[in-house]
Amino acid sequence: VTITTRLLVSHLSGIRHYEKDITKVKEEKEKANRALKLTKPCQDKEQKEKEGKGTEKADSVKPRKEHEGEVKSRNSKPGRRDKEFEQEEYYLKEKFESVIESLKIFKNDPLFFKPGDQFLYSTYGFTLLSAVVERVSGQKFADYMLKMFHDLDMLSTVLDDNEAMIYNRARCYVYNKKGRLVNAPYVDNSYKWAGGGFLSSVGDLLKFGNALLYSYQAGQFKNTNGKLLPGYLKPDTVAMMWTPVPKTEVSWDRDGKYAMAWAVVEKKQQYGCCRQQRHYASHTGGAVGASSVLLILPEELDSEAIDTGLVAPPRGVIVSIICNMQSVSLNSTALKIAREFDKEKWAQ
C-alpha cells in the first residue's frame, strides 16, 4: 500500500490509535453510528417544531448530540473515565531518544484498513508525520518545531520533558475511582511529541491562531499599497488545510469534517430565519491530566472592507482554553464564547 502525508494528516492512513484490537474499534464505531442515527430523527423533529413556532434564535440552536454530551459530562460521576484513557499506551514511561526510535511501538502492526478508505483518528499517524519532518528537514523534530515556535513568537511553548525545569508548568489532575481529585500519573510523552507532547499557554495558542487567521485572510485584501506583510503561510495553504476531506468525521462537532490536522465546520443555512452554521476551524486536545481547545472563527468579510483596505487581518474571533483536568469537553464552550464575541461585534 501507499501512505501519503495527506492521508496521515487527515487520519485516513489506516494506522492504529491506542487500541490494538480492530474488533473493539469497529464495535465502538458502530455504537457511535447507531447513537447518531437515533439522535437524528429527534433532532429533525425538534428543528421542524421550532421552525413552526418561529421562536428559536438561530445562534442558540446546536447539535443535540453535542448538547447531550455536555449534560452527560456535567452530571456524570468524577470517577468515570473515557474508554480511551483506559488504554495502556497512554501511560508509557519509556523515554525515546528520537522520533524514529518511537516508531517501533506500532511499525510492525497491521493496518486497520486500506489507506484512504476510512477515517480513524490516530496519534501514531502524527508520530510518523514527525518522522517525515525529521528526515526531510535533516533536523531533530523537537529542534525543528522549537525554531518554528520562535518564529511565531510562541516563547512559552516547549516539549513536555519531565526532566527539564519548566517555569510555570502546571500540575495535572485526574479523578480516581472513588471520585477524588488526585495527581495525574507519571507518563513520558517522547513517543508522541507531534500528537500530544508540547506544553503551551493560552497566550501562545492565541498567537498561533492569529498567525493562521492572518495567513488565511491576507490574500483577500486589496489596495494595501504593499503595507501588508505576508502571512507565515500562503493563503492557499491555509485554505487547503481548512477544506473538509471526504470520508472523515469529527467526534466533538457532528456538523464538521476533518480537514488537514483541523476539524472544520463549513458555512451553511438550509432555511430562512433558522439555524445558521458558521465557518470555523478547531481542534481539541486530550492528554493524561489535561484538556484543551483552540478555535478560530474567521470574520465574514464584505467586499467593501476588502477592496478599500480600511481594515487589516486578522479579522475574527480566536478562543483558546487549557484545563489541567482530564476528559473535559471544551469545544462547545469555545464555540459559545466565540459566538458571543462575534455577536457583540456586529451589534456595535
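Residues numbered from 1 in each chain as written. Predicted model: local features only at pLDDT ≥ 70, side-chain atom pairs only at ≥ 80, totals over all residues. Heavy atoms only, no water.

Peer 1: I would appreciate a short explanation of the packing of aromatic side chains in the present structure.
Peer 2: Considering all chains together, one arrives at 13 aromatic pairs under this definition. With a centroid separation of 5.6 Å and 70° between ring planes, the pair formed by Tyr18 and Tyr124 is classed as edge-to-face. In this pair, Tyr18 sits in the loop between helix H1 (5-9) and helix H2 (22-53) while Tyr124 sits in helix H5 (residues 123-137), placing the two residues 106 residues apart along the sequence. There is no split in this pair, since Tyr18 and Tyr124 are both buried. Ring geometry for Phe149 versus Phe198: centroids 5.2 Å apart, planes at 85°, classification edge-to-face. Of this pair, Phe149 sits in helix H6 (residues 141-151) while Phe198 is found in strand E4 (residues 198-199), placing the two residues 49 residues apart along the sequence. Residue Phe149 is classed as buried on the basis of its relative accessible area of 9%. By way of ring pairs, the aromatic residues Tyr18, Phe85, Tyr90, Tyr91, Phe106, Tyr124 and Tyr191 are connected into one cluster. (Phe/Tyr/Trp six-rings, centres within 6.5 Å; stacked < 30°, edge-to-face > 60°. Helix = DSSP H or I, 4+ residues; strand = E, 2+ residues; numbered from the N terminus. Buried < 20%, exposed > 50% of the residue type's maximum accessible area, 1.4 Å probe, protein only.)

Peer 1: So what exactly am I meant to see when it comes to the nonpolar core here?
Peer 2: Nonpolar side chains in soluble globular proteins tend to be buried together. Counting residues in hydrophobic clusters, the biggest one holds 44 residues, and the most contacted among them are Tyr124, Leu212, Trp242, Trp262 and Ile296. Looking at this core, the elements with two or more residues in it are H1, H5, H6, helix H8 (202-218), helix H9 (235-241) and strand E8 (290-298). Counting contributing residues, this core receives three or more from each of domain 1 (1-33 + 82-157 + 188-197) and domain 2 (200-347). Leaving out residues up to four positions away in the same chain, Leu212 has contacts with Leu233, Val238, Met241, Trp242, Trp262 and Ile296. Counting residues in each nonpolar core, the second largest holds 14 residues, with Val293, Leu295, Val317 and Ile321 among its members. (Core = buried A, V, L, I, M, F, W, Y, C linked by side-chain atoms within 4.5 Å. Domains from an automatic or database assignment. Contact = heavy atoms within 4.5 Å.)

Peer 1: Honestly, the sheet that holds strand E9 (residues 316-323) in this entry has me stumped. Any pointers?
Peer 2: Note: strands within a sheet are paired through backbone hydrogen bonds, in either parallel or antiparallel orientation. Reading across the sheet, the five strands line up as E5-E6-E7-E8-E9 and stay open at both edges, with antiparallel pairing between neighbours. Of all strands in the sheet, those with a lone pairing partner are strand E5 (257-258) and E9, marking the two edges. Pairing between E8 and E9: eight bridges, direction antiparallel. From the neighbouring strand, Ser292 faces E9, where its bridge partner is Ile322. Contacting E8 and E9, H8 runs over the sheet at an angle of about 150° to E9. Contacts between helix H11 (residues 331-347) and the sheet are confined to strand E7 (280-287), E8 and E9, with E9 contributing the most and set at about 145° to the helix. (Pairing = 2+ DSSP bridges. Axes fitted to C-alpha atoms, helices over the stretch in contact; angles between N-to-C directions.)

Peer 1: I tried to follow H5 on my own but got confused; where do I start?
Peer 2: It helps to recall that an α-helix has 3.6 residues per turn; residues three or four apart then point in one direction. An ideal rise of 1.5 Å per residue puts 21 Å on 15 residues; H5 measures up with 21 Å between its terminal C-alpha atoms. Taken together, the buried positions of H5 are occupied by Thr123, Tyr124, Gly125, Phe126, Thr127, Leu129, Ser130, Ala131 and Glu134. Buried residues along H5 sit against H1, helix H4 (99-102), H6 and helix H7 (193-196). In this structure Ser122 caps H5, since a side-chain oxygen of it lies 3.4 Å from the backbone nitrogen of Tyr124. (Expected span 1.5 Å × (residues − 1). Polar contact = N/O pair within 3.5 Å; in protein donor to acceptor, adjacent residues only side chain to side chain.)

Peer 1: When you look at the pattern of salt bridges in this model, what are you seeing that I'm missing?
Peer 2: Close approach of charged atoms allows side chains with opposite charge to pair. Counted according to the given criterion, the structure contains 15 salt bridges. Lys31 serves as the salt-bridge partner of Glu28, at 3.9 Å between the closest nitrogen and oxygen. Taken together, the residues Glu28 and Lys31, both in helix H2 and three residues apart, mark about one turn of the helix. Its salt-bridge partner being Asp161, residue Lys95 comes within 3.8 Å of it at the nearest N-O pair. Of this pair, Lys95 sits in the loop between helix H3 (64-75) and H4 while Asp161 sits in the loop between strand E1 (158-159) and strand E2 (173-175), placing them 66 residues apart in sequence. Assessed through its relative accessible area of 32%, Lys95 is described here as partly exposed. Through salt bridges with shared partners, a single ionic network connects Arg16, Lys20, Glu89 and Asp109. (Salt bridge = Lys/Arg side-chain N within 4 Å of Asp/Glu carboxyl O.)

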